[in-house]
Structures are given as structure tokens and as C-alpha cells.
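Here is how the chains run, residue by residue.
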Amino acid sequence: MAGKIYNVKIINSPSHSNLEVAGDLVIKLDAPYSDKNVTVKINPNLVAYKEKITDNLQQYTRSFDTKDTKTLIFDFQKNNVNNITFENKNYEIKLMNIGKVSEQEQDFSTFEFMVTEK
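Asks: Which residues make up the overall build of the chain, and what values go with them?
Replies: Along the chain, the regular secondary structure elements total 0 helices and 10 strands. In the chain, the succession of α and β elements from N to C terminus is β-β-β-β-β-β-β-β-β-β. With 118 residues in all, the chain has 36% of them scored as buried. If you take every contact in the chain between residues at least 6 apart in sequence, the share linking residues at least 24 apart comes to 47%.

Asks: Could you give me a rundown of the sheet that holds strand β9 (residues 89–103), with the residues and numbers involved?
Replies: Reading across the sheet, the 4 strands line up as β1-β10-β9-β8 and stay open at both edges, with antiparallel pairing between neighbours. Sheet topology places β1 (5–11) and β8 (81–86) at the edges, where each strand pairs with a single neighbour. Across the sheet, the mean angle from the axis of one strand to that of its neighbour is 30 degrees, orientation sign disregarded. As defined by bridge partners, β1 adjoins strand β10 (residues 106–117) across 7 bridges and the pair is classed as antiparallel. In the strand pairing of β10, Ile 11 is matched with Thr 110.

Asks: Before we move on, could you go through the pairing of strand β2 (residues 19–22) and cite the residues and values that matter?
Replies: Side chains on a regular strand alternate between the two faces of the sheet. Both β2 and strand β3 (residues 25–30) contribute to a ladder of 4 bridges, which runs antiparallel. Across the sheet, residue Ala 22 finds its bridge partner in β3, namely Leu 25.

Asks: Kindly report on the sheet that holds strand β7 (residues 70–75), identifying the contributing residues and their values.
Replies: Pairing within the open sheet is antiparallel, and its 4 strands lie in the order β2-β3-β4-β7. Two strands bound the open sheet, and with one partner strand each, they are β2 and β7. For this sheet the average axis-to-axis angle between neighbouring strands, irrespective of direction, equals 30 degrees.

Asks: An account of the pairing of β3 is requested, with residue identities and associated values reported.
Replies: Hairpin connection from β2 to β3: 2 residues lie between these consecutive antiparallel strands, with Gly 23 at a positive phi of about 65 degrees. As judged from the 4 bridges shared by β3 and strand β4 (residues 37–42), these two strands associate in the antiparallel manner. Along β4, the bridge assignment pairs Leu 29 with Val 40. Linking two consecutive strands that pair antiparallel, namely β3 and β4, is a turn of 6 residues.

Asks: Break down unusual backbone geometry for me, with residues and values.
Replies: Across residues other than glycine, the phi torsion is negative in most instances, and most of the peptide bonds are trans. With an omega dihedral of 0 degrees, the bond running from Ala 31 to Pro 32 counts as a cis peptide bond. In this structure, Pro 32 sits in the loop between β3 and β4. The backbone phi angle of Gln 104 is positive, close to 50 degrees, even though this residue is not glycine. Inspection of the secondary structure puts Gln 104 in the loop between β9 and β10. Given a relative accessible area of 60%, Gln 104 falls into the exposed group. One non-glycine residue, Glu 105, adopts positive backbone phi at about 65 degrees. Note on placement: Glu 105 falls in the loop between β9 and β10.

The rules behind each value
Residues numbered from 1 in each chain as written. Predicted model: local features only at pLDDT ≥ 70, side-chain atom pairs only at ≥ 80, totals over all residues. Heavy atoms only, no water. Helix = DSSP H or I, 4+ residues; strand = E, 2+ residues; numbered from the N terminus. Buried < 20%, exposed > 50% of the residue type's maximum accessible area, 1.4 Å probe, protein only. Contact = heavy atoms within 4.5 Å. Pairing = 2+ DSSP bridges. Axes fitted to C-alpha atoms, helices over the stretch in contact; angles between N-to-C directions.

Have a look at this one:
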């Protein structure tokens, strides 16, 4: 559906997934990332996926890039919006927030995006 908006939040901790789905897009956290920028892979090929590995590890994924995988880098200084086309649909991906969440007495990075299907 054109005009659909997806709010995506990736929490980089062992108890959360480092990938999220927005429409036809799979958005996976990738290195490098910091409190000032973040890198994501769009639609990597997932070759292994397991849920609930242990109480402290929710998910295991293994992926590799294909010719259709896109690597996007976001920051708030000059590059907080990226536009891509996938399967004849246009998407605008906007970095909304980089933050921290405290879990089990540790701080983990969080990355929030707004994905708009055009």
C-alpha cells in the first residue's frame, strides 16, 4: 500500500533482534555504528535464523549480501534520509533517533527509523 509508514526500532542487545521488517524491506543493523551514526543492510540474504537460543540470547541470524542488498549509512549531520527502490516500490528511510536502553545493568544502543512507502 503506497503511503504506508513503518516505525522501526532496532535495539542492539542479545535479548532483541538486530533486524526488523518494514513493508517488503528487511532492515539489519551492521557495523560501524555509534552514538552519532549507524549502518544498516537492506534485504540481506538470511541463511540461518533461530529464535530463543538461551534466556539471554533471543535470536541468531547469519546473512550475506546479494546484488540486491543495499548498505546505507545514516547520521544527523548530513545524511539522515536515504531513498531506495525495491520491487518497484519507493521507500524513504529516515533516521529519527539514536539512543540507549538499559537492560540487565548494561546500556545498549538503539536506532529508530521512520520508513515511508511512497
